Each structure stands twice: as structure tokens, then as C-alpha cells.
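Commentary on secondary and tertiary structure
Spelled out from the first residue to the last, the chains are:
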Amino acid sequence: MSYELLGITVLWTFLFGYLIVASVDFGAGFFSYYSVITGKQNKVHSIIQRYLSPVWEVTNVFLIFFVVGLVGFFPDSAYYYGTALLIPGSLVTVLLALRGAYYAYNTYGSSKEDNKIYIAIYGATGLLIPAALSTILAISEGGIITEINGQVNLNWGSFFSNPYTWSVIILALVSVLYISAMFLAYYADKAGDRPAFEVLRGYALWWSGPTILACVFAFFQINRQNPEHFRNMLTIAWAFILSLICFLIAVYLVWKRRRLGVSFILVMLQFGFAWYGYGHSHLPYILYKQVSIHESFTNETMAVALIIVFIAGLFVLIPSLIILLRLFLFDAKYVRGSSPKKG
């Protein structure tokens, strides 16, 4: 495997980790607000807060690794994406700051009563952040970023009038809610909280339909936006077929209230097959046809150093998350609302 391919694979893996962890986080924020306005706060709010409390501070580590690595491995990506994504990037930064402010208020504030305005902002950021981040995938298909006289511009008219842009945004929104609901349903079941489980199970089943429809819509919109990429996707259609099979089994298990841990593993496999299938078929371009992993790659010395650091980062980050899950999220006492076990 070449350095270029190894580098983009490591970065894509970090981004996939962010996709799963952040989706649960963002969706939980929306469901937390939704439970307040629908009068179901007493059923699901405590489960959501028990999940969020130990993990909110580590969610963005995956994203930070990806951004730093993308610029380090492929410097040209900063030239093209940096200017064009100034507005979406700034928006995401502000939304993340608002989200962090809510966490700090909710965790360390002197008042333990939830302010509906704060929760509304918190719930809104759970949808706005993935919507803003998903625009990068739409832009990466080409035709939106142009370079004229050495100046990079994002054609906002083409961006907002492009059906593929909206298909990606819709897919991001429904996928976040689907992934989050599937995990929270499993988490509520593990906690033995039947009222919360039934509510969250309903959310999971409800959002499963829009998710698969949005996937199909985005899949065929790629053909209109980038026929070359679409043809590449067809050559590895088996990955997307496996993704669909995982989806069907995962939804069936939730519907039957069986093996919910296996169900969420299948959800991760569902998105894993689709994610790596999409990424593989997108190669060798990071931005059609302006940034290629071969032509825009850093020098060999820097590449080796970055690969070592990022692989080491994975070996540190993943065990750390596993320890976090064992000590808090899946501790027998903590998951039922008690303090985690000591030492």
C-alpha cells in the first residue's frame, strides 16, 4: 500500500469514528429537546444525560485529528477548501462553542433546572452541525469550487441550487437521528429503563425509513453530479448491498426487541460498508478534479512521520474510549443512574 493510500485510509477511519460518535451525540441533543416539547422528558431525559455526561468532552477529538491530518498529508486541500469553507467552517465553530457552553452549564451550573432556551439551542446545534459539515461531501464532487486568476471561489448559486447538495444534507440529518436513536434504544434497554426504551425504540424505527430513502436519493443524485464517481461505486456495489443487509437486520432486531447490542453493531457495519465504499470509489480525488491524493501528497519524510503519529493516535484513542465506556457508560451502577464503581 502506498503512503498516499495509507494516509487517506487512516484519515477516513478517523472521520468514520467521528461519524458514529458525533452522530450519537448530536442526535441525543435533538432528542433531549424533543422530549421536552413533547412532554416525554421524564421518560428519556435522564438516559440521554447519563450518556452525554462522560463523553461530550472527547467527541471532537476525531474531527481534530482528521482536519490536522488532511492539511498535513495533502497541503493542497487547505488551499482549495480553506477559503471556500470559511463560512461553513466558522458556522460549525460557533455552533460547537454553543454546544460546549450548554454542556458546561448543564454539568457545572449552580442551577440544576434545565432552561428551555438553552435546551432549544442545544437541540438545534445537533442538527445544524452535521448539516454544515455534510456540505464538504457535496463540494468534494466538483463543479462548485472554482479557481480564477489564482483565487479560489465557492459558487454559492451552484451550491444551493444543486439537488445533490440537499440530498447530502438530508442524508446527514436523518442518519444522525437514526444512529443516535438506535444506540440510545440499546442503552435504555441495558439500563433496564422500559419506558425510555419504548420511546427511543419508536424513534429508531421511525427514522429508519427516511434514512434508507435518503441513502437511495443521494446515491442516484451522485450520478447526476459526478457520473464518473457513480460508475466507480457500481464496481463495488457489493459494499452497498452489504450495507443494506446490515440495515435490514438491525431494524428487524429492534422491531423484535432482540439482541440490541448486535443491532447497533450492525448499524456501525451498515455505515462502515457505505462509508468505505463511498471513499474508495471517490479515489484518487479529494476534490474532483482539483485535488488528487497522488499529486497533492506531502513529502515522504513528513508522510512517514504523520502515519506513525496517527496510527499511534488510533491505538491510544480507541483503548481510551473503551476504558471510558467500561468505567462509565456500561458500568452496571452508572447505567442505572448510580455512581460508577470505585477503583
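Going by the structure above, here's the rest.
Residues numbered from 1 in each chain as written. Predicted model: local features only at pLDDT ≥ 70, side-chain atom pairs only at ≥ 80, totals over all residues. Heavy atoms only, no water.

1. Examining helix 3 (residues 61–73)
Keep this limit in mind: We count a stretch as a helix when DSSP gives it H or I for four or more residues in a row; a strand needs E for two or more, and each element gets its number in order from the N terminus. Expected span, for any helix, means 1.5 Å times one less than how many residues it has. Accessible area is worked out with a 1.4 Å probe on protein chains only. A residue is then buried under 20% of its type maximum, exposed over 50%, and partly exposed in between.
Here helix 3 is 13 residues long and its end C-alpha atoms lie 18 Å apart, about the 18 Å a rise of 1.5 Å per residue gives. Three or more residues of helix 3 are buried, namely Phe-62, Leu-63, Phe-66, Gly-69, Leu-70, Gly-72 and Phe-73.

2. Topic: helix 11 (residues 237–255)
Note that an α-helix has 3.6 residues per turn; residues three or four places apart therefore point the same way. Our working rule: Directions drawn from the helix axis to the C-beta atoms are what define this arc.
The end-to-end C-alpha distance of helix 11, which contains 19 residues, comes to 27 Å, matching closely the 27 Å that a straight helix rising 1.5 Å per residue would cover. Regarding helix 11, the residues found buried are Ala-239, Phe-240, Ser-243, Cys-246, Phe-247, Ala-250, Val-251, Leu-253 and Val-254. Here the buried residues of helix 11 occupy an arc of 155° about the axis, which is enough to place them on one side. Among the exposed residues of helix 11, those oriented more than 90 degrees off its buried face are Trp-238 and Ile-241. Once helix 11 finishes, Arg-257 follows within two positions and takes phi at roughly 60°, a positive value.

3. Regarding the packing of aromatic side chains
Selection criterion: For Phe, Tyr and Trp, rings pair up if their centres lie within 6.5 Å, where Trp contributes its six-membered ring, and each pair is then called stacked (planes under 30 degrees apart), edge-to-face (over 60) or tilted (otherwise).
Inspection of the entire model under this criterion finds 31 aromatic pairs. Judged by centre distance (5.8 Å) and plane angle (55°), the ring pair of Phe-16 and Tyr-276 falls under tilted. With Phe-16 in helix 1 (residues 3–37) and Tyr-276 in helix 12 (residues 260–282), this residue pair connects regions lying 260 residues apart in the sequence. Since its relative accessible area comes to 15%, Phe-16 is described here as buried. Take Tyr-276: its relative accessible area is 33%, and that puts it in the partly exposed class. Arranged with centres 6.3 Å apart and planes meeting at 35°, the rings of Phe-160 and Trp-166 form a pair that is tilted.

4. Details of the environment of Val-291
Along the chain, Val-291 falls in strand 4 (residues 291–292). Of the residues examined, Val-291 reaches a relative accessible area of 0% and is grouped as buried.

5. Concerning the environment of Ile-307
In plain terms, the rule: Here, two residues are considered to be in contact whenever any of their heavy atoms come within 4.5 Å of each other.
Within the secondary structure layout, Ile-307 lies in helix 13 (residues 300–329). Non-local contacts of Ile-307, meaning those with residues more than four positions away in its chain, are made with Tyr-3, Leu-6, Gly-7 and Phe-73.

6. Side note on the packing of helix 9 (residues 194–225) against helix 10 (residues 227–235)
The description of two helices packed together rests on the angle between their axes and the distance between the axes. Our working definition: Only the stretch in contact is used when fitting a helix axis, every axis being a line fitted to C-alpha atoms; angles between N-to-C directions are given from 0 to 180 degrees. Under this scheme an angle from 65 to 115 degrees is roughly perpendicular, one under 35 degrees roughly parallel, and one over 145 degrees roughly antiparallel; angles in between are oblique.
Direction vectors running N to C along helix 9 and helix 10 enclose 135°, while the axes themselves pass 6 Å from each other. Between helix 9 and helix 10, the crossing angle belongs to the class labelled oblique. Residues Phe-219, Phe-220, Ile-222, Asn-223, Arg-224 and Gln-225 of helix 9 touch helix 10, and the partners they reach there are Pro-227, His-229, Phe-230, Met-233 and Leu-234.

7. Re a nonpolar patch on the surface
The test is simple: Patches here: salt-bridge-free residues with over 30% relative accessible area, like charges joined within 9 Å, nonpolar side chains (Val, Leu, Ile, Met, Phe, Trp, Tyr) joined within 5 Å. Values of accessible area rely on a 1.4 Å probe in the Shrake-Rupley scheme; residue burial ignores everything except the protein chains shown. Salt bridge, as applied in this entry: a Lys or Arg side-chain nitrogen positioned within 4 Å of an Asp or Glu carboxyl oxygen.
On the surface, Leu-86, Ile-87, Trp-156, Phe-160, Trp-166, Ile-170 and Phe-217 cluster together into a nonpolar patch covering about 710 Å² of accessible area. For Phe-217, the location among the structural elements is in helix 9. Given the relative accessible area of 39%, Phe-217 is considered partly exposed.

8. Observations regarding the nonpolar core
Here is the rule we go by: Remark: nonpolar core denotes a set of buried residues (Ala, Val, Leu, Ile, Met, Phe, Trp, Tyr, Cys) joined through side-chain atoms within 4.5 Å.
Judged by nonpolar contacts, the single largest core of 92 residues is most densely connected at Phe-31, Phe-74, Ile-139 and Tyr-178. In terms of residues, this core owes the most to one element, helix 8 (residues 163–191), which gives 16 residues. Apart from residues no more than four positions distant in its own chain, Tyr-178 is found in contact with Ala-204, Trp-207, Ser-208, Thr-211, Phe-247, Ala-250, Val-251, Val-267, Gln-270 and Phe-271. Ranked by size, the runner-up nonpolar core spans five residues in total, among them Val-36, Tyr-103, Ile-119 and Tyr-122.

9. Focus on the pairing of strand 2 (residues 151–154)
Selection criterion: Pairing between two strands is assigned when DSSP locates at least 2 bridges connecting them.
Residues Val-152 and Leu-154 point to one face of strand 2 and are all buried, whereas Gln-151 and Asn-153, pointing to the other face, are not buried. Note: strand 1 (residues 145–148) against strand 2, four bridges, orientation antiparallel. The residue bridging Glu-147 from the neighbouring strand is Val-152, located in strand 2.

10. A short note on the environment of Tyr-80
As for its placement among the helices and strands, Tyr-80 is situated in helix 4 (residues 75–84). The class for Tyr-80 is buried, based on a relative accessible area of 11%. A sequence separation of 73 residues divides Tyr-80 from Asn-153, and the C-alpha atoms of the two residues are 8.5 Å apart.

11. Structural notes on the pattern of salt bridges
Considering all chains together, one arrives at five salt bridges under this definition. For Glu-198, the salt bridge is made with Arg-201, and the minimal N-O distance between the two is 4.0 Å. One end of the pair is Glu-198 and the other is Arg-201, both in helix 9 and three residues apart, which spans about a single turn. Its relative accessible area of 10% is what places Arg-201 among the buried residues. Of the charged contacts in the structure, one is a salt bridge between Arg-257 and Glu-198, with a shortest N-O distance of 3.1 Å. Here Arg-257 is found in the loop between helix 11 and helix 12, whereas its partner Glu-198 is found in helix 9, with 59 residues between them in sequence. Residues participating in the shared-partner salt-bridge network are Asp-189, Arg-194, Glu-198, Arg-201 and Arg-257.

Any functional reading would require information beyond the geometric quantities listed.
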